[in-house]
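# Observations on the three-dimensional arrangement
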Amino acid sequence: MKKVLITGGNGDIAKSILKLLQEQNQKFVVISPDRFELDVTIYDKSRAYIEKHCPDILINNAGYIKVNSLVDDDFLSDKKTIDVNLTSIFNLSIAAVKYNPQVQVINIGSSAATKPRGSWSSYCATKAALVMATKCWADEGINTICLSPGRTVSTMRE
């Protein structure tokens, strides 16, 4: 039985992953916290959560986007996008590898990593960085992959 931690637990992609894992005849114990149980943007909280649950599989799925142009000067929205989409990946993955060197890290990227979209700069940049971080970690020998779906029907997409 493998313990799976899915971030972004209230999102549609996380719910779909959870449903698929639950259909696997008890092969997985799934931990899918909401943002109130786990603030993925804070390293100390992420580390403590990982230490407590010590997952075998970490699915970095938390995501955020607020579409805005650079000239809108909405730094706080851009910072939140960077914190949720990229900083959290480092927070959780560093802790997961520390407490379980055999952990499988699955990062949920986006086709936006390779396709520029006007007014999506912070989102596209974080997803591109996520793809590169995944490749670097794999080069280090860490068991990691990145899945980058295209446009997905979800609440976040709306």
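For the structure itself, consult the block above.
Below is a short write-up of the structure. (Residues numbered from 1 in each chain as written. Predicted model: local features only at pLDDT ≥ 70, side-chain atom pairs only at ≥ 80, totals over all residues. Heavy atoms only, no water.)

### Focus on the packing of helix α3 (residues 75-99) against helix α4 (residues 121-139)
α4 packs onto α3 with a crossing angle of 15 degrees between their chain directions and a minimal axis gap of 8 Å. Here α3 lies roughly parallel to α4, going by the angle between them. Here α3 runs over α4; the crossing is right-handed. Listed contacts from α4 to D78, T81, I82, N85, L86, I89, F90 and S93 of α3 are S122, Y123, T126, K127, A129, L130, A133 and W137. By residue class, the composition of the contact of α3 with α4 is nine nonpolar, five polar and two charged. (Axes fitted to C-alpha atoms, helices over the stretch in contact; angles between N-to-C directions. Helix = DSSP H or I, 4+ residues; strand = E, 2+ residues; numbered from the N terminus. Parallel < 35°, antiparallel > 145°, perpendicular 65-115°, else oblique. Left-handed = near helix turned anticlockwise from the far one by under 90°. Contact = heavy atoms within 4.5 Å. Nonpolar A, V, L, I, M, F, W, Y, C, P; charged D, E, K, R; others polar.)

### Let's talk about helix α2 (residues 43-53)
Of all the positions in α2, only S46, Y49, I50 and H53 are classed as buried. Looking down the long axis of α2, one finds its buried residues gathered within 95 degrees of arc, a one-sided arrangement. (Buried < 20%, exposed > 50% of the residue type's maximum accessible area, 1.4 Å probe, protein only. Arc of directions from axis to C-beta.)

### Re the packing of aromatic side chains
Taken as a whole, this structure holds two aromatic pairs when the rule is applied. Here F90 and W137 contribute two aromatic rings whose centre-to-centre distance is 5.1 Å and whose plane-to-plane angle is 80 degrees, an arrangement assigned as edge-to-face. Of this pair, F90 sits in helix α3 while W137 is found in helix α4, placing the two residues 47 residues apart along the sequence. For F90, a relative accessible area of 34% gives the class partly exposed. Just above the ring of W120 sits the side chain of R117; from NZ or CZ to the centre is 5.2 Å. (Phe/Tyr/Trp six-rings, centres within 6.5 Å; stacked < 30°, edge-to-face > 60°. Lys NZ or Arg CZ within 6 Å of the ring centre and 35° of its normal.)

### Considering helix α1 (residues 12-22)
The set of residues buried in α1 consists of A14, I17 and L21. One side of α1 holds all its buried residues, which, seen down the axis, span an arc of 65 degrees. Facing away from the buried surface of α1 by more than 90 degrees, the exposed residues are K19, L20 and Q22. If you follow the buried residues of α1, they end up packed against β1 (2-6), β2 (28-31), β3 (57-60) and β4 (104-108).

### Notes on unusual backbone geometry
Positive phi values are uncommon outside glycine, yet D73 reaches one of about 55 degrees. Mapping D73 onto the fold places it in the loop between β3 and α3. One non-glycine residue with positive phi stands out, namely S119, at about 70 degrees. With respect to the helices, strands and loops of the structure, S119 is situated in the loop between β4 and α4.

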